[in-house]
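Letter by letter, the chains look like this.
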Amino acid sequence: MRWSRLFTPTLRDAPADADAVSHKMLIRGGFMRQLHSGHYSMLPLGWKVHEKVAQIVREEMNLIGGQEFLLPAMHPKSLWEASGRWATMGDEMFRLEDRSGNEVGLGMTHEEVFATIATEINSYKTLPQIWYQIQWKFRDEPRPKAGLLRVREFAMKDSYSLDLDFDGLDRNFDLHHEAYLKIFRRLDLDAMPVEASSGAMGGAGSIEFMVASPAGEDDVVRCPNCDYRANVERATSALDAIADDAGPDAPERFPTPGIRTIAALEEAGAPAVSQIKTMVMVVDGAVTLALVRGDHQLNMQKLQDVTGGINIRPATPEETVEHLGANPGSLGAVGVNDEIRILADEALQGRTNLTTGANEDDWHWRGVDIARDVNVAEWVDLREVTAGEACPKCHTPIEIVRCIEAGHIFKLGTQYAEAMGAHVLDADGNKRTIVMGSYGIGVGRNMATIAETHHDDKGLIWPVSVAPYEAVVTVMKVDDEATMAAAEQIYQDLLAAGVDAIIDDRDARAGVKFADSEVIGIPFRLTVGPRGIKDGNVEFTVRNGMVTTDVAVADAAQTVIDAVAVAKG
RNA sequence: CGGGAUGUGGCGCAGCUUGGUUAGCGCGUCGGUCUGGGGGACCGAAGGUCGGAGGUUCAAAUCCUCUCAUCCCGACCA
């Protein structure tokens, strides 16, 4: 490519509405432009990077036996009704009507379609299978943000494993786990696998691949001592046992005028660790109480996971008063009847002599024995761990790191195959439901994650594996014949050796050319100018670290060819 | 959905409080001259429904109402 013909509108300033580093850099480098919230146009360089990321994913999927498909993005309502997800996907699914009035949805993921195709598998002999595609997903996100990190329209590699049994699923899950680690290594992303909530996907278990970054949206618990890693949505920690006084034979009501918060109640003599915090939640329309220790936080995802609820929200003040008879600040579960489901965090199990609201404004109970006085339906893990608590495995204080979710793999099980009727006959002639796994990597998000973690104050620093160009030959004086001829020869040598090179043949000032190559983040640069040519030299600059050395004109191309080869491993 | 902020040539901004010439500035763009190893200088030029609609007024970028868009925070702390 000749830069004089390249369309890549670089900017001196980042747009004011960009906040995340990757967003600013990708806009400044002319990789992409926003069309509207959550939708980006990929410009030539952006698309090149995107496709290099996709190709790495494709290669690693093929290596584990994946077969590439391409499924429709637009799906009939009936398909999603069959799995029950037409309803459960809620507002996150884009829906529209065709001219006949038939409702269709834009695919957010493709379990249903792949499972439908899997109905054509009739014999166990066809299994296992790994099917995948790299295709556009549409999700009406509540809040698109941070450039490509969270968008409403994006390319995703989604793969699906099909097996006769759960042992097979485990094998394919492990194959994907390994393939994903290789993919992230090739993308130069330091991704850590963590236990995760399966969320709306359902299924038996899942692993997220997390890359530490302040631009992320997930918090990951990490033990600095052992290998414990988990999303806060799943993480636990070891708590010190608390020895309570037995307390009175029955709870006692006492007046607490004006006391509305845990902190205020603590000042009034009830330690937060000995309070019950009563969260009034509405789970799919049903008022539910979630109890946690006074000094603990409720994790909504954990509540969602344990209840299996789809729509979960805090109760409104009106609903709270209607069901419990008091306002927030004086709420409790003592004496609440069976009509309201009560879930209590495990940290409250066995506790006595506790304090909690009495469901009458300005009154609380003390001396509460939770087992005796509260009608707990289930003891579950609801609490969000915090940094510094003890690792559940080794008791070292844990840390919490902000992360980008770069990939996610799920052990789905049989639910989609069952819904779509994907069955096979096993060796004994018995009908069996196909066991599925599903595995996703967002191409654009990974591109942004690389940008997020590979830059300096001059711009991006792409790993060679995904760089828009591996090398640029920067011509300092295009009207100097000897300079241009030497640059052209080097450029042709690079192309002949398979290096993805570009020659900057623009009649522009040196500063402009340097700045552009740096903001774009091309890994290697050969600067060819009359000054060096006179001595038979060109300059070789490595973008990462901006180290420049002189090399002989005759060796220049080979220097880059070698550097590219080393970087690609 | 709740809260906050911002919308003025391609990008970054000023002007708005206190309404009043032809709406400015930097960068970028186009033409030219001089330059030529870190976003150069000078001359000239193009490019704007001041997000949109309605209202107040003799007069609106500026005041009022509604609306749309974009960004950030939150989706719990009883």
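Analysis parameters
Residues numbered from 1 in each chain as written. Chains lettered and ligands numbered in written order. Predicted model: local features only at pLDDT ≥ 70, side-chain atom pairs only at ≥ 80, totals over all residues. Heavy atoms only, no water. Near = heavy atom within 4 Å. Polar contact = N/O pair within 3.5 Å; in protein donor to acceptor, adjacent residues only side chain to side chain. 1 Å grid on protein atoms, 1.4 Å probe; cavity = no way out; pocket = protein on both sides within 12 Å on 5 of 7 lines; lining within 4 Å. Points joined across faces, edges and corners; volume = space filled by probe spheres on them. Helix = DSSP H or I, 4+ residues; strand = E, 2+ residues; numbered from the N terminus. Nonpolar A, V, L, I, M, F, W, Y, C, P; charged D, E, K, R; others polar. Pairing = 2+ DSSP bridges. Axes fitted to C-alpha atoms, helices over the stretch in contact; angles between N-to-C directions. Contact = heavy atoms within 4.5 Å.

A. Seen up close, the protein's contact with RNA strand B. In the vicinity of RNA strand B there are 48 residues, among which Arg12, Met279, Gln297, Gly329 and Glu539 approach most closely. Here the atoms of RNA strand B within 4 Å of the protein split so that 50% fall in sugar or phosphate, with bases taking the remainder. Taking valine 280, its main chain carries an N or O atom lying 2.8 Å from a base nitrogen of RNA strand B. In the model, a base nitrogen of RNA strand B is placed 3.1 Å from a nitrogen or oxygen of the aspartate 516 side chain.

B. Seen up close, empty space enclosed by the protein. Evaluated as defined, the whole model comprises two cavities of 30 Å³ or more. Reported here for the largest cavity is a volume of approximately 60 Å³. As for the largest cavity, its lining consists of Leu149, Arg150, Ala215, Gly216, Glu217, Asp218, Cys403, Ile404, Glu405 and Arg445. A per-element tally of the lining of the largest cavity places strand S23 (residues 399-413) first, with three residues. Considered class by class, the residues forming the lining of the largest cavity number four nonpolar, one polar and five charged. Looking at the second largest cavity, its volume works out to about 40 Å³. Lining the second largest cavity are Ser517, Glu518, Ile522, Pro523, Phe524, Arg525, Thr541, Val542, Arg543 and Met546. Of all elements in the fold, only helix H14 (510-520), strand S31 (524-528) and strand S32 (537-542) reach the threshold of two or more residues within the lining of the second largest cavity.

C. How the structure looks around the sheet that holds S31. Taken in spatial order, the five strands make up an open sheet running S30-S29-S31-S32-S33, and their pairing is mixed. Strands with a single pairing partner mark the edges of an open sheet, and in this sheet they are strand S30 (501-504) and strand S33 (547-552). Averaged over all pairs of adjacent strands, the angle between strand axes in this sheet comes to 20 degrees, irrespective of strand direction. The pairing of strand S29 (residues 471-475) with S31 spans five bridges and is parallel. Across the sheet, residue alanine 471 finds its bridge partner in S31, namely phenylalanine 524. Across the face of the sheet, helix H16 (residues 553-568) comes into contact with S29, S31, S32 and S33 while running at roughly 130 degrees to S33.

D. Representation of the layout of surface pockets within the structure. Put simply, the second largest pocket is a space of about 370 Å³. Around the second largest pocket, the lining is made up of 25 residues, and of these Lys277, Thr278, Pro328, Gly329 and Leu331 lie nearest the centre. Mapped by element, the contributors of at least two residues to the lining of the second largest pocket are helix H7 (262-267), strand S14 (276-283), helix H9 (317-324) and strand S19 (354-360).

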